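Below are the chains, spelled out letter by letter.
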Amino acid sequence: MTWDRDSENVCSATKPIVSFFDRARRHIIGAGYEPEIEYVQDRFFKDIDEVSFCWETAFVILASSGLREQIVRKNFDKLRDAHINDDDDIFAVIPNKRQREAIRYVWHNPVEILKKIREMPDDCSRIEFLDTLPQIGPITKFHLARNLGIDCIKPDIWLERLSEKYGYVNPVQMCFDIQSSRPEFRIGTIDLILWRYCNLTGELS
């Protein structure tokens, strides 16, 4: 763990969005999601290998269907239990042909893909490259980047709604403002905490 979860700046908590963030963090920790926070906080792209790249990308490809995360997680667990090099097993757990082919492509080319990503000059270039992978789009590229340890924000519908409610131009501005009061957290961790709370409760205040 890279922060003291019980230490909070009382003065900065006067900002409504910071108060919301603190409450969201306490709630999801209480719900058993502290390991998820640690996972994002402590994950860095330099530590990603071919196997972890394949599984992280497979999860985001499945999530691109727009299904609730809890359903995607169940499908992902089924995939992990299957023999991924067996087409029959893949078909059994991934009926969507485009997703199936995208996962197969990534699984058979991780060394080449990772080499290209590592050769990019900066994180912005790496994120843009992820958009070229099959079934990875303009929003899901940020999801994948964050899961690969690249510190960024996934501007999904929950983050968009939050930023609008609290008077920010966009989720990026909102998360950086939170970070100015809670500098112990990475931007991607702040994003994850806000998203997970909204995903669990449906609340914006």
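Preceding this paragraph is the structure being described.
As for the overall build of the protein
1) Next: Broken down by element type, the protein carries 12 helices and 0 strands.
2) Next: Reading the helices (α) and strands (β) of the protein from amino to carboxyl end gives α-α-α-α-α-α-α-α-α-α-α-α.
3) Next: For the protein, with 205 residues in total, the buried portion stands at 48%.
4) Next: Pairs at least 24 residues apart make up 63% of the contacts formed inside the protein by residues separated by at least 6 positions.
5) Next: Summing over all exposed atoms, the protein offers an accessible surface of approximately 10,300 Å²; the carbon and sulfur share of this is 53%.

Examining the pattern of salt bridges
1) Next: If you walk through the whole model with that rule in mind, you get 14 salt bridges.
2) Next: Notably, a salt bridge pairs Arg126 with Asp123, separated by 2.8 Å at the nearest N-O pair. Taken together, the residues span about one helical turn, with Arg126 and Asp123 both in helix 8 (residues 123–130) at a distance of 3 residues.
3) Next: For Asp123, a relative accessible area of 36% corresponds to the partly exposed category.
4) Next: One network of salt bridges, in which partners are shared, links Glu128, Asp131 and Lys141.

Some details on the environment of Trp158
1) Next: The residue Trp158 is located in helix 10 (residues 157–165) in this model.
2) Next: Residue Trp158 is classed as buried on the basis of its relative accessible area, which comes to 19%.
3) Next: Between the alpha carbons of Trp158 and Leu204 there is a distance of 8.4 Å; along the sequence they are 46 residues apart.
4) Next: With residues near it in sequence (within four places) discarded, Trp158 still touches Trp195, Cys198, Asn199, Gly202 and Leu204.

Concerning helix 4 (residues 69–81)
1) Next: Helix length check: helix 4 (13 residues) gives 18 Å between terminal C-alpha atoms against 18 Å at 1.5 Å per residue, within 8%.
2) Next: Buried within helix 4 are the following residues: Glu69, Val72, Phe76 and Leu79. One face of helix 4 carries all of its buried residues, which in axial projection span an arc of 70°. Counted as exposed and oriented over 90 degrees from the buried face of helix 4: Lys74 and Asp81.

Some points on the packing of aromatic side chains
1) Next: Within the structure shown, the criterion is met by 4 aromatic pairs.
2) Next: Plain terms: the ring middles of Phe20 and Tyr166 are 5.8 Å apart, the flat faces sit at 50° to each other, and that makes the pair tilted. With Phe20 in helix 1 (residues 16–30) and Tyr166 in the loop between helix 10 and helix 11 (171–181), this residue pair connects regions lying 146 residues apart in the sequence.
3) Next: Between Phe20 and Tyr197, the aromatic rings sit 5.3 Å apart at their centres with planes inclined by 90°, giving edge-to-face as the arrangement. Here Tyr197 lies in helix 12 (residues 187–201) and Phe20 lies in helix 1, a separation of 177 residues in the sequence.
4) Next: Classification of Phe20 by relative accessible area gives buried; the value is 1%.
5) Next: Of the residues examined, Tyr197 reaches a relative accessible area of 4% and is grouped as buried.

A few points about the side chain of Thr189
1) Next: Along the chain, Thr189 falls in helix 12.
2) Next: Exposure remark for Thr189: the relative accessible area of 1% places this residue in the buried category.
3) Next: Polar contacts involving the side chain of Thr189 include one to the side chain of Gln41, which spans 2.5 Å.
4) Next: Aside from chain neighbours lying at most four places away, what touches Thr189 is Ile37, Val40 and Gln41.

Reading the values: rules and limits
Residues numbered from 1 in each chain as written. Predicted model: local features only at pLDDT ≥ 70, side-chain atom pairs only at ≥ 80, totals over all residues. Heavy atoms only, no water. Helix = DSSP H or I, 4+ residues; strand = E, 2+ residues; numbered from the N terminus. Buried < 20%, exposed > 50% of the residue type's maximum accessible area, 1.4 Å probe, protein only. Contact = heavy atoms within 4.5 Å. Areas by Shrake-Rupley, 256 points an atom, 1.4 Å probe, with all protein chains shown as cover. Salt bridge = Lys/Arg side-chain N within 4 Å of Asp/Glu carboxyl O. Expected span 1.5 Å × (residues − 1). Arc of directions from axis to C-beta. Phe/Tyr/Trp six-rings, centres within 6.5 Å; stacked < 30°, edge-to-face > 60°. Polar contact = N/O pair within 3.5 Å; in protein donor to acceptor, adjacent residues only side chain to side chain.

Note that every value here comes from positions in space, so none of it alone points to a role or purpose.
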